[in-house]
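# Summary of the model geometry
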Amino acid sequence: QHDQWAIIDKWQWLGPYRHNQTPLNAAEVKAFFQRHFRQPSYALMLIKLQAVDDYWEEQQRFMIVAADWPYLNKG
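Position numbers for residues count from 1 along each chain, tracking the sequence in the order it is written. With pLDDT at 70 or above as the cut-off, local features in this predicted model cover only qualifying residues; side-chain atom pairs require 80 or more to be listed or tallied, and sums for whole chains, interfaces and linings still use all residues. Excluding hydrogens and water, the side-chain figures rest on all heavy atoms present in the structure.

## Some details on the pattern of salt bridges
Here, a salt bridge means any Lys or Arg side-chain nitrogen found within 4 Å of an Asp or Glu carboxyl oxygen. Scanning all chains against the criterion turns up two salt bridges. Note that Arg18 is salt-bridged to Glu57, the shortest N-O span being 3.3 Å. Here Glu57 lies in strand β4 (residues 55-64) and Arg18 lies in strand β2 (residues 18-19), a separation of 39 residues in the sequence. On the basis of relative accessible area, Arg18 is assigned to the partly exposed category, the value being 46%. For every residue, the accessible area (1.4 Å probe, protein chains only) is compared with the maximum for its type, and the residue is labelled buried under 20%, exposed over 50%, or partly exposed between those bounds. Look at Glu57 and you get partly exposed, because its relative accessible area is 25%. Between Glu58 and Arg61 there is a salt bridge; the shortest N-O distance is 2.8 Å. Every helix listed is a DSSP run of H or I at least four residues long, and every strand listed is a run of E at least two residues long, numbered separately from the N terminus.

Right, dumping it as structure tokens:
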């Protein structure tokens, strides 16, 4: 139901997220995840956004990992 999201780079993981770029919608996020996780890959940080004045501010964050994440690098 929520449709304002951002996927942020690792260097942005510390501290609250606030930006003025247009957020992603749910369909764009889903397509990005499907492309990203076709092969074993690194975790992503998904940020739920809310409009505040002229900015988008973080409301909640989610760490997204591959379904087999705990076992990816076991040899």
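## Topic: a nonpolar patch on the surface
Residues enter patches when their relative accessible area tops 30% and they take part in no salt bridge; the joining distance is 9 Å for like charges and 5 Å for the nonpolar side chains Val, Leu, Ile, Met, Phe, Trp and Tyr. In this description, accessible areas are obtained by the Shrake-Rupley approach with a 1.4 Å probe, and a residue is regarded as covered only by the protein chains that are shown. Side chains of Met63, Val65 and Trp69 sit close together on the surface and give an oily, nonpolar patch of about 300 Å² of accessible area. Checked against the element boundaries, Trp69 lands in the segment after β4.

## Side note on the packing of aromatic side chains
The pairing test for Phe, Tyr and Trp rings, Trp by its six-membered ring, is centres within 6.5 Å, and the orientation test on the planes gives stacked under 30 degrees, edge-to-face over 60, and tilted for anything in between. A full pass over the atoms with the stated rule returns three aromatic pairs. Each ring, one from Trp5 and one from Phe62, has its centre 6.1 Å from the other, and the planes form 55 degrees; the classification is tilted. Within this pair, whereas Trp5 is found in strand β1 (residues 5-8), its partner Phe62 is found in strand β4, the two being separated by 57 residues in sequence. Residue Phe62 is classed as partly exposed on the basis of its relative accessible area, which comes to 29%. Relative to Phe37, the ring of Phe33 lies with its centre 6.4 Å away and its plane at 55 degrees, an arrangement referred to as tilted. Assigned by exposure class, Phe33 and Phe37 land together as buried. The rule for a charge over a ring is simple: NZ of Lys or CZ of Arg within 6 Å of the ring centre, and within 35 degrees of the ring normal. Residue placement shows Arg18 over the ring face of Tyr55; its charged tip is 4.1 Å from the ring centre.

## Overview of helix α1 (residues 26-36)
Those residues of α1 not exposed but buried are Val29, Phe33 and His36. For α1, the arc enclosing every buried residue in end-on projection is 70 degrees, short of the 170-degree limit, so these residues lie on one face. Residues of α1 that are exposed and point more than 90 degrees away from the buried face comprise Ala27 and Lys30. Of the surrounding secondary structure, the elements contacted by the buried residues of α1 are β1, β3 (44-52) and β4. Counting of polar contacts relies on pairs of N or O atoms within 3.5 Å, with two restrictions inside protein: one atom must be capable of donating a hydrogen and the other of accepting it, and residues adjacent in sequence are counted only when both atoms are side-chain atoms. Looking at where α1 begins, the residue whose side-chain oxygen comes 3.0 Å from the main-chain nitrogen of Ala27 is Asn25. The reported arc concerns the directions from the helix axis to the C-beta atoms and nothing else. In what follows, residue pairs with any heavy atoms lying within 4.5 Å of each other are defined as contacts.

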